[in-house]
Amino acid sequence: MKNRFIAFEGNIGAGKTTLVRNLARRWNAKMFLEQFEDNPFLPSFYENPEKYAFPLEMSFLAERFQQLNREVRQTELFSERIIADYAPYKSLIFAGKTLDHAEYGVYKKMHQLLFQQVPYPDVVIYLHIPVERLLKNIEKRGRSYEQDIDPEYLDSIEKGYFDFYRSRPDLVTLVVEPAGDDYANDEKFMAFVDELLEWNWSPGRHVVQQD
Ligand SMILES: Nc1ncnc2c1ncn2[C@@H]1O[C@H](COP(=O)(O)OP(=O)(O)OP(=O)(O)O)[C@@H](O)[C@H]1O
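The name an unreviewed UniProt entry assigns to the protein is Deoxynucleoside kinase, from the organism Phaeocystidibacter luteus.

This is the structure we're talking about:
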């Protein structure tokens, strides 16, 4: 199957999880979602980022490695589509913003060691949403620990993704700008994603706009 393993990426509050749930239903695909609710360090991290960033990043690293390895390998023998609401490099991008230089050095080595064994998505679709809209989404969903999130933090995460994509022209990345605020529940947007996945995309970053 062309484009069998698809991951969706995007900033905090972009709408990845809602979209992935809807697409999994639409395609009858196997889905796996990031498990951040169980991470005991996340609320503490938002209170005191300097103290909790390293344990937070290490715990996300372990969790995501385990999940990707388990879920993707388990289905290697089957032909069904697999979709995820994060890509294997997600934590690397966040860690580049949350850790200090020395901590990031250690983290990066661990990430390289672990993730070289993990299957990469055939295509990653980055959902590019303006920061003002992210802030509205974050407010609306109301997770208490995210309510004081700094727009500069969101800007820096977005920059982290774009720097990463520039440094990895070997990966197939579609940067998509959805039309409409509720695109993740919109049939038209899902049909647009269907069309995108009919193509054989060359490696590199492609910016695609929904009409
Ligand atoms: N590696 C990480 N380092 C720091 N915080 C992280 C990391 N990964 C996830 N988080 C935090 O966990 C929470 C959930 O993250 P994420 O962006 O994946 O989901 P989301 O905001 O629910 O996405 P969406 O709205 O697009 O479904 C956010 O508060 C995010 O900042």
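Okay, back to it.
Undergrad: Would you take a moment to explain the packing of helix H3 (residues 49-74) against helix H4 (residues 90-98) for this structure?
TA: Two numbers describe a pair of packed helices, the interaxial angle and the distance between the axes. Put simply, H3 and H4 touch, their axes get as near as 10 Å, and they point 175 degrees apart. In terms of axis orientation, H3 runs roughly antiparallel to H4. Residues Ala53, Glu57, Phe60, Leu61 and Arg64 of H3 form the contact with H4, whose participating residues are Lys90, Ser91, Phe94, Ala95 and Thr98. Class assignment of the residues belonging to the contact of H3 with H4 gives a composition of 5 nonpolar, 2 polar and 3 charged.

Undergrad: Help me understand the UniProt feature "binding site: ATP" (unreviewed entry) in the protein in this model?
TA: Here, the residues flagged by UniProt with the feature "binding site: ATP" (unreviewed entry) are Gly10, Asn11, Ile12, Gly13, Ala14, Gly15, Lys16, Thr17 and Thr18. On the accessibility criterion, Gly13 (7% relative accessible area) is buried. In contact with Gly13, not counting residues within four places along its chain, are Leu134, Asn137, Ile138 and Arg141. Relative to the elements of secondary structure, Ala14 occurs in the loop between strand E1 (5-10) and helix H1 (16-27).

Undergrad: For this particular structure, what's the right way to read helix H5 (residues 101-115)?
TA: Because an α-helix packs 3.6 residues into every turn, residues spaced three or four apart end up facing the same way. Helix length check: H5, at 15 residues, gives a terminal C-alpha distance of 21 Å against a target of 21 Å (1.5 Å per residue), a fit within 8%. Taken as a whole, H5 has its buried residues at Tyr107, His111 and Phe115. End-on, the buried residues of H5 take up no more than an arc of 45 degrees, which puts them together on one face. Exposed residues on H5 whose side chains face more than 90 degrees from its buried face are Ala102, Lys109, Gln112 and Leu113. Capping the start of H5, Asp100 holds a side-chain oxygen 3.2 Å from the backbone nitrogen of Ala102, two or three residues further along.

Undergrad: What is the right way to read the site of the ligand from this model?
TA: Neighbouring the ligand are 21 residues; Glu34, Tyr46, Glu57, Lys90 and Glu146 lie closest to it. Thr17 is positioned with one of its side-chain polar atoms (N or O) 2.8 Å from an oxygen atom of the ligand. Arg141 places a polar side-chain atom, nitrogen or oxygen, 2.7 Å from an oxygen atom of the ligand. Looking at the shell around the ligand, the elements with two or more residues in it are H1, helix H2 (41-47), H3 and H4. At 4 residues, H3 tops the list of elements feeding residues into the shell around the ligand. Its residues assigned to classes, the shell around the ligand comprises 8 nonpolar, 5 polar and 8 charged.

Reading the values: the criteria
Residues numbered from 1 in each chain as written. Predicted model: local features only at pLDDT ≥ 70, side-chain atom pairs only at ≥ 80, totals over all residues. Heavy atoms only, no water. Axes fitted to C-alpha atoms, helices over the stretch in contact; angles between N-to-C directions. Helix = DSSP H or I, 4+ residues; strand = E, 2+ residues; numbered from the N terminus. Parallel < 35°, antiparallel > 145°, perpendicular 65-115°, else oblique. Contact = heavy atoms within 4.5 Å. Nonpolar A, V, L, I, M, F, W, Y, C, P; charged D, E, K, R; others polar. UniProt positions renumbered as here; feature names shortened; annotations may be inferred. Buried < 20%, exposed > 50% of the residue type's maximum accessible area, 1.4 Å probe, protein only. Expected span 1.5 Å × (residues − 1). Arc of directions from axis to C-beta. Polar contact = N/O pair within 3.5 Å; in protein donor to acceptor, adjacent residues only side chain to side chain. Near = heavy atom within 4 Å.

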